[in-house]
Amino acid sequence: QVQLIESGGGLVQAGCSLRLSCAASGRTFSTYAMGWFRQAPGKEREFAAAITWSSGTTYYAESVKGRFTISRNIARKTVYLQMNSLTPEDTAVYYCAAGRGSTARIMSTTAYDSWGQGTQVTVST
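(A) Structural detail: the overall build of the protein. Secondary structure summary: the protein contains 0 helices and 11 strands in total. Across the protein, helices and strands are ordered from the amino to the carboxyl terminus as β-β-β-β-β-β-β-β-β-β-β. Here the C-alpha atoms of the protein give a radius of gyration of 13 Å, agreeing with the 14 Å that 2.2 N^0.38 yields for 125 residues. Its C-alpha atoms give the protein principal-axis dimensions of roughly 40 × 25 × 25 Å. Within the protein, buried positions represent 43% of all 125 residues. The long-range share in the protein, meaning contacts at least 24 apart out of those at least 6 apart in sequence, stands at 56%. Of the charged side chains in the protein, 12 are positive and 7 negative; the average position of the first set lies 10 Å away from that of the second.

Here it is in structure tokens:
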């Protein structure tokens, strides 16, 4: 099992930036990919971005492409989500996830078996 702790959420105005961090511990050697998902009130959890742990290949949802950047620091076992040009539509609880799944399902929650507790991101107009 992998333990994940997110940080970096908060309240910002539209157009501003935030950087989320997710620190992993535990059985991280089996991790294939790490991802960020988000869930707005009354909506299902949706994919935002993912990165494969060994090669650093990145994947993005269309809604965040060009604005969000996912990266990882292998030595620190930490993944980051740099979020620029935030809009009120980005308001959600953001969850970090780690999985041993395949590339084919990397944008699906089913590819991940460890989840963080979530961090709130609120973007005001």
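What follows continues from the structure just given.
(B) Fine view of the side chain of Thr31. The residue Thr31 is located in the loop between strand E3 (18-26) and strand E4 (33-39) in this model. Residue classification places Thr31 among the buried positions, given a relative accessible area of 11%. Leave out the neighbours within four places in its chain, and Thr31 touches Val2, Trp53, Ala98 and Gly99.

(C) Just the state of the cysteines, in detail. Going through the model one piece at a time under the given rule, you end up with 1 disulfide. Here Cys22 pairs with Cys96 through a disulfide, and the sulfurs are 2.0 Å apart. Across the S-S bond linking Cys22 and Cys96, the dihedral sits near -80 degrees, which makes this disulfide left-handed. Placement of the pair is Cys22 in strand E3 and Cys96 in strand E9 (residues 92-99), with a sequence separation of 74 residues. Its relative accessible area of 0% is what places Cys22 among the buried residues. By relative accessible area, which is 0% here, Cys96 ends up buried.

(D) Region of the structure containing the pattern of salt bridges. Under the definition given, this model contains 5 salt bridges. For Arg67, the salt bridge is made with Asp90, and the minimal N-O distance between the two is 2.8 Å. On the criterion of sequence distance, the pair formed by Arg67 in the loop between strand E6 (58-60) and strand E7 (68-73) and Asp90 in the loop between strand E8 (78-83) and E9 is long-range, its members being 23 residues apart. As far as the burial class goes, Arg67 and Asp90 line up, both buried. What you see here is one network of salt bridges that share partners, running through Arg38, Glu46, Arg67 and Asp90.

What counts, and where the lines are drawn
Residues numbered from 1 in each chain as written. Predicted model: local features only at pLDDT ≥ 70, side-chain atom pairs only at ≥ 80, totals over all residues. Heavy atoms only, no water. Helix = DSSP H or I, 4+ residues; strand = E, 2+ residues; numbered from the N terminus. Rg over C-alpha atoms; globule rule 2.2 N^0.38 Å. Buried < 20%, exposed > 50% of the residue type's maximum accessible area, 1.4 Å probe, protein only. Contact = heavy atoms within 4.5 Å. Lys, Arg positive; Asp, Glu negative; His and termini not counted. Charge placed at Lys NZ, Arg CZ, Asp CG, Glu CD. Disulfide = S-S within 2.5 Å. Salt bridge = Lys/Arg side-chain N within 4 Å of Asp/Glu carboxyl O.

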